[in-house]
Amino acid sequence: MSLTSPTPTRTETLLSIRGLKVHFPVYGGVLRRKVGAVKAVDGIDLEVRRGETIGLVGESGSGKTTVGRAIINVLKPMYPDVELDGSIEVHSRDGLVQDVNGLGRARMNAFRPKIQMVFQDPFSSLNPRMTVAQLIGRPLELHTKLTRDERRERVESLLERVGLQRSYAERFPHEFSGGQRQRIGIARALSTRPEIIVADEPVSALDVSVQAQVVNLMQELARDFDLSYVFIAHDLSIVYHISDRIAVMYLGNVVEIGSAEQVYMRPRHPYTRALVSAVPHPDPKQRGRQRIRLEGDIPTPMNKPSGCGFRTRCPIAKASCADLPPEVQTVEVGHTVACPHWREMQ
Amino acid sequence: MGTYFARRMLLMIPTFIGITMLVFAITRFVPGGPIDQMMLKLQEASMESGTDIGGSTMEIPEASLAALKERFGLDLPMWQGYLHWLWDVVRLDLGTSFKFNEPVLDVIVNRFPISIYFGLIGFALAYVVCIPLGVLKAVRHGSKLDVTSSLLIFAGYSIPGWALGAVLLVFLGGQLELVPLGGFRPEGWADMDFWEKVRGQAYHTILPVLAYAAGSFATLTILMKNSLMENLGQDFVRTAFAKGLPERKVIFGHALRNSLIPICTGLGHAIGLIMAGSYLIEKVFNINGIGYLGYNSIVERDYAVVMGVLVINTVLILLGNILSDFLYVLVDPRIRFE
Amino acid sequence: MSADQQNRGDGKPVLQVKDLVTSFQVGTNRAVAVNGVTFDVYEGETLGIVGESGSGKSVTSLSILRLVPDPPGHIDGGQILFEGQDLLQLSYAQMRKVRGAKIAMIFQEPMSSLNPVMKIGAQVAETLQVHSKLSKSEARERAVEVLDAVGIPDARARLDHYPHQFSGGMRQRVMIAMALIAKPKILIADEPTTALDVTIQAQILELMKGLQDDRPETAIILITHDLAVVAETCDRVLVMYGGKVQEVAPIEQLFEDPRHPYTQGLLGSIPDPKHKGEPLPTIPGNVPHILELPVGACRFHSRCPIAEERCRTTEPALTSVGHEHSVRCHLVADGIDTFARMREHAAAPRTEEVR
Ligand SMILES: Nc1ncnc2c1ncn2[C@@H]1O[C@H](COP(=O)(O)OP(=O)(O)OP(=O)(O)O)[C@@H](O)[C@H]1O
Ligand SMILES: Nc1ncnc2c1ncn2[C@@H]1O[C@H](COP(=O)(O)OP(=O)(O)OP(=O)(O)O)[C@@H](O)[C@H]1O
Ligand code: SF4
Ligand SMILES: [Mg+2]
Ligand SMILES: [Mg+2]
């Protein structure tokens, strides 16, 4: 098996997110007027290139899942009063560009097969009353003109492809272990031949030994089908392992983005540095190493601090950090940091 | 929080209007209204007296018809009629009963204490019996006590309250003559001394109250049991055991407090419903309460009374719901209505 | 960590678990969740228990405090020796005096492990009130002290707050305060950081380590599925699989020279930054359901890449392979280099199969 090169040189844009905002309005008062908003995603720029895996990490509540949902465009149907802003442009192979942010159902249908999702919880994301064949065949029924037999054949070959037996097609989800269910979820996402898969914590619920199997499978599939992943996870060592690039989120903003090496080995943003230093190492000899401690709790996205969202916990915060959102600075090619003071972090 | 309850109060208004408007419209469209009944009475009267007012087909003079219509407010288009009615309600004037020929408010107020009396006693009885019973059943889940009480409770649940009442009445009242056959109070009430009154009243109360409460016994006991069982399986109960608390403290200090939350909040709803009385039970026991009144007024098309009972019940139930929310806030610190 | 090692060297066990067997009624079957587990806990040490889900970690720890829900669970046999007594023989009232006072426990879910309708102060003080004659106000004062010690800012003001007013990390601190207030000899922490963010996890683990600085004799049993967490915090490790101890070793030993194929597999499947992007070594198959575990054989043989015929027919015993290092594997007992075998096997062409 060939190894992916450590510094990938993928250039073709597949998805470009510009100024994406997702606000959930909060109502109050006698007349239920809007009194505020949960700024789950508060203006992020992110580019996903064809064939690359971009890791999305960040504290819980930082908006990772919401970004994923925005990409697969399910926020409007799920929460009709959600406020969306900015653009999510899908670049087709033939050069067409379409903004899918909040796109209506009918027009979104053309893009659904291209963008698929794999969920964290393999237990609740599969309808227990459908057979595996029905589960995997459903997107095919919706988005392709395949006949019954063709669909069946596709389902079985997909099962084989994700490492399950063809005969499993007639079984129900509860008959499988967590890892097998996640394989079924992946097969379902693959069924429409997507170009990009948003994977929201796909291995978090799995056993350690099974995590490795699923990570390997996902990497193989990416190579074989030229897939892009938006890989959301909180386990940084796995994100580093699988990602070409990593984006770090904090309270609805991307605070740092760069190649996996840049972000994991040479983090620059004070939050990323604290995060990376907090990752436990499976090596007892490294115990005494220096940690950057963060004081205080994460503020909620409902009452975000002014200026930089991180300033309430930041070890190098200045008075000026409260004024304006931090300006994005370039550390080196492809590595940017939303903090003007990053050089002071030693 | 204040704004939440203010909003709930305000929301009562459109709900109230919606319900009353619907029923008002129905009373207008369903045949057999007061005018029809008047005419029927006139017809009967004329047939009995042998005088034929207007040939074979009965006619009422235009003028008296108009007067009748005016009296019942039927001369106006429906929406105007409704607004008039609503305005009267706001001034606490519920109109005049066509059957009793007295103000509806008086008719209702006369019967209200009776329904409240039975309602509240039944309600209190249900809570006093069901909560301890539910707790006991949860703690001794699967024991003989649990199984037999479940059988009894479900028997009570599957028989409607009025039917149970009727059976008990026939057996205990008719056969054994242990209890009176009905009525709200014993005869000769005025001449009794205090203890006789108490005894008499108690005899008259026991069966109707049982009938009132039998249905809610099952739901309430099982709700209590399930709620406690669920909480006994919660992580915080394990924590309490791990602290070294005695079982009694774990159950009563930790689990029970949490499991009373759904019970408390049910209180408001229950009060609203119970006050509304029950026609069939009142009928079986020959008690002249609100349920009986409401039913009869529908049968007899005494629309002013129908609407009056509806007003009272709607307001009670809506207030009961708000009371429930309020109790929720009181017993569960996590709930903060915005 | 040298202080810990010293304590460990004393060889004074505070707790001895011997042949513990705990089973559950699953449908019509009896599922043995913990099957003859034996281990010691020494004064002042941090003992890690690792294993995948269902390996019996939680049931083992719940058995120590006799908190296994019965029914469906039942402790069928064994001994748990603590302060010269077998905890399994104590009366209910005697056992109560151990719980919380001598052996305290914190759980994985800081959200649901606190009573939602009871104030934090009362919950923390309660542990002390049942075990001492302190008055309510004295217990509250002590609650302020411990809450302060576990890093709750403005502890006094927060006594009257409810759990939902705290973040996940803060709730876990409250749980720790609650466990520590009666100064227990042993603290059992069942996945105390699994539900928390990495930065918060680091704080909590640091807090737990700091505990032993103040009270060096306190022993900690840390249960986790995360070997990295073990590497950061523990002095000795117990690796469990299928309700049995498969390997016990001092921490450095386990990470440098893991002998059991399962331990090797677990360690191997952690991504190594030096081999970024390369296929991860895996343990084939899935964790079997408790009722489908092999019996009368090595529990791991169905997934073991180097299993031999005898692994399928006879059960290996826990065999000492060095100072404080024991392994349950036929091959290791025979002095075979399992690590080399595993490497040979991995190099050989294979088709990855999923059971
Ligand atoms: N429908 C909604 N209404 C209101 N707030 C919401 C809604 N969905 C998400 N949020 C809030 O938006 C923020 C971001 O949530 P999101 O689920 O995207 O975080 P996350 O980074 O995926 O966290 P986790 O790691 O816990 O999964 C959170 O504070 C969440 O409470
Ligand atoms: N209440 C119960 N009823 C039935 N079986 C149970 C119960 N509790 C535990 N078990 C079984 O006992 C076995 C061991 O469970 P245990 O909770 O100790 O695993 P664990 O190692 O703590 O795993 P995890 O990492 O998932 O917490 C499991 O197979 C489980 O199915
Ligand atoms: S902008 Fe200021 S507060 Fe934000 S991370 Fe940089 S230094 Fe800290
Ligand atoms: Mg999420
Ligand atoms: Mg567990």
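Residue numbering note: each chain is counted from 1, following its sequence as written. Whichever chain is written first becomes A and whichever ligand is written first becomes 1, with later ones labelled in order. Where totals are concerned, whole chains, interfaces and linings use all residues; where local detail is concerned, this predicted model gives features only for residues with pLDDT of at least 70, and gives and counts side-chain atom pairs only at 80 or more. To obtain the side-chain values, all non-hydrogen atoms of the structure were included, while hydrogens and water were left out.

Focus: the overall build of chain C
Note the following rule: By the criteria applied, helices consist of DSSP H or I runs no shorter than four residues and strands consist of E runs no shorter than two, each listed in order from the N terminus. Using C-alpha atoms as the atom set, the radius of gyration is obtained and then compared with a globule rule of 2.2 Å times the number of residues to the power 0.38. Burial classification: accessible surface area is computed with a 1.4 Å probe over protein chains only, and a residue below 20% of its type maximum counts as buried, one above 50% as exposed, and the rest as partly exposed. Pairs of residues are marked as contacts when any of their non-hydrogen atoms sit within 4.5 Å. Areas reported here follow the Shrake-Rupley algorithm with a probe of radius 1.4 Å; residue values treat only the protein chains shown as occluding. Residues scored as charged are limited to Lys and Arg (positive) and Asp and Glu (negative), so that His and the chain ends carry no count. In this description, the location of a charge corresponds to atom NZ of lysine, CZ of arginine, CG of aspartate or CD of glutamate.
Counting its secondary structure elements, chain C contains 14 helices and 12 strands. Taken over C-alpha atoms, the radius of gyration comes to 21 Å for chain C, in line with the 20 Å a tight globule of 355 residues would show. By its C-alpha atoms, chain C is 70 × 45 × 45 Å across when sized along the principal axes. Of all 355 residues assigned to chain C, the portion counted as buried reaches 57%. Within chain C, contacts between residues separated by at least 24 positions form 64% of all contacts whose residues are at least 6 apart in sequence. A total of about 14000 Å² of accessible surface is found on chain C, and carbon and sulfur atoms cover 51% of it. Charge-centre separation for chain C: the mean point of 37 positive side chains lies 5 Å from the mean point of 45 negative side chains.

As for the sheet that holds strand β5 (residues 85-86) of chain C
Residues and elements named next belong to chain C. What counts is decided by this rule: In this description, strands pair whenever DSSP reports at least two bridges between them.
Here four strands make up an open sheet; going across it, the order is β2-β1-β4-β5 and the pairing antiparallel. The sheet terminates laterally at β2 (29-42) and β5, the two strands that pair on one side only. Pairing analysis gives two bridges linking strand β4 (residues 73-82) to β5, with the strands arranged antiparallel. When the sheet's bridge partners are listed, Leu81 is paired in β5 with Asp86.

Thoughts on the side chain of Arg215(C)
The residue Arg215(C) is located in the loop between α8 (198-214) and β8 (219-224) in this model. For Arg215(C), the residues in contact, after removing those within four places along its chain, are Lys183(C) and Pro184(C).

A look at the site of ligand 2
All names here are of chain C. Condition: Near is defined per residue: the residue qualifies when any heavy atom it owns lies within 4 Å of the molecule or strand. We define a polar contact as two N or O atoms separated by no more than 3.5 Å, with the added condition that, inside protein, one atom must be a possible hydrogen donor and the other a possible acceptor, whereas residues neighbouring each other in sequence contribute only through side-chain atom pairs. Side-chain classes follow a simple rule in which Ala, Val, Leu, Ile, Met, Phe, Trp, Tyr, Cys and Pro form the nonpolar group, Asp, Glu, Lys and Arg form the charged group, and the remainder, Gly included, forms the polar group.
The local shell around ligand 2 holds 13 residues, among which Gly54, Gly56, Lys57, Ser58 and Val59 are the closest. Separating an oxygen atom of ligand 2 from a backbone N or O atom of Gly56 is a distance of 3.0 Å. Between ligand 2 and Lys57 there is a distance of 2.9 Å, counted from an oxygen atom to a backbone nitrogen or oxygen. With three residues, the top contributor of residues to the shell around ligand 2 is helix α2 (residues 57-64). Residues that form the shell around ligand 2 fall into these classes: five nonpolar, five polar and three charged.

Some details on the nonpolar core
Where we set the bar: In plain words, nonpolar cores are sets of buried Ala, Val, Leu, Ile, Met, Phe, Trp, Tyr and Cys residues tied together by side-chain atoms within 4.5 Å.
Membership of the largest hydrophobic core comes to 127 residues, with the highest contact counts inside it found for Leu15(C), Ile64(C) and Ile103(C). It is helix α7 (residues 168-180) of chain C that contributes the most residues to this core, eight residues altogether. Those residues in contact with Ile103(C) that lie beyond four places of it in its chain are Ala242(B), Leu15(C), Ile64(C), Leu65(C), Phe82(C), Leu87(C), Val98(C), Pro184(C), Ile186(C) and Ile188(C). Core analysis: the next-biggest nonpolar cluster, separate from the first, contains 65 residues, Val132(A), Val155(A), Leu159(A) and Leu221(A) among them.

So, the sheet that holds strand β9 (residues 245-250) of chain A
Residues and elements named next belong to chain A. This is how it is decided: Axis definition: a line fitted to C-alpha atoms, limited for helices to the stretch in contact. Angles are taken between N-to-C directions and run from 0 to 180 degrees.
With respect to topology, eight strands assemble into an open sheet ordered β6-β7-β8-β3-β9-β10-β12-β11, the strand pairing being mixed. Every interior strand has two partners, whereas the edge strands, β6 (115-118) and β11 (329-332), have only one. Each adjacent strand pair in this sheet contributes to an overall mean axis angle of 20°, direction not counted. Pairing of β9 with strand β10 (residues 253-259), which is carried by six bridges, proceeds in the antiparallel orientation.

Side note on the interface of chain C and chain B
Definition in use: A quick way to say it: buried area is the sum, across both parts, of accessible area lost when two parts are put together, with a 1.4 Å probe.
Across the contact, 27 residues belong to chain C and 21 residues belong to chain B. Summed over both sides, the interface between chain C and chain B buries roughly 2000 Å², with carbon and sulfur atoms accounting for 59% of that surface. Broken down residue by residue, the surface that chain C buries against chain B is led by Phe107(C), Pro116(C) and Val117(C), which jointly contribute 26%. Linking chain C with chain B are 12 residue pairs in polar contact (both at pLDDT 80 or more), by the criterion used here. When residues of the side of chain C that touches chain B are traced back to their parent elements, those giving at least two are α3 (92-98), β6 (103-106), α4 (120-131) and α7 of chain C. Ranked by residue count, the leading element in the side of chain C that touches chain B is α4(C), at five residues.

Thoughts on the interface of chain A and chain C
Quick note on the threshold: One side-chain nitrogen of Lys or Arg within 4 Å of one carboxyl oxygen of Asp or Glu is enough to make a salt bridge.
Listed as interface residues are 49 residues of chain A and, on the opposing side, 48 residues of chain C. Interface of chain A and chain C: buried area, both sides summed, is about 4000 Å²; carbon and sulfur atoms make up 54% of it. When residues of chain A are sorted by the area they lose upon contact with chain C, Val208(A), His241(A) and Arg287(A) head the list and together hold 18% of the total. Put simply, chain A and chain C have four salt bridges between them. Counting the contacts that link chain A with chain C gives 22 residue pairs in polar contact (both at pLDDT 80 or more). Of all the secondary structure elements, the ones that give two or more residues to the side of chain A that touches chain C are α6 (178-190), α7 (208-225), α8 (236-242), α9 (260-265) and α10 (270-278) of chain A. The biggest single contributor to the side of chain A that touches chain C is α7(A), with eight residues. Considering only residue class, the side of chain A that touches chain C consists of 22 nonpolar, 15 polar and 12 charged.

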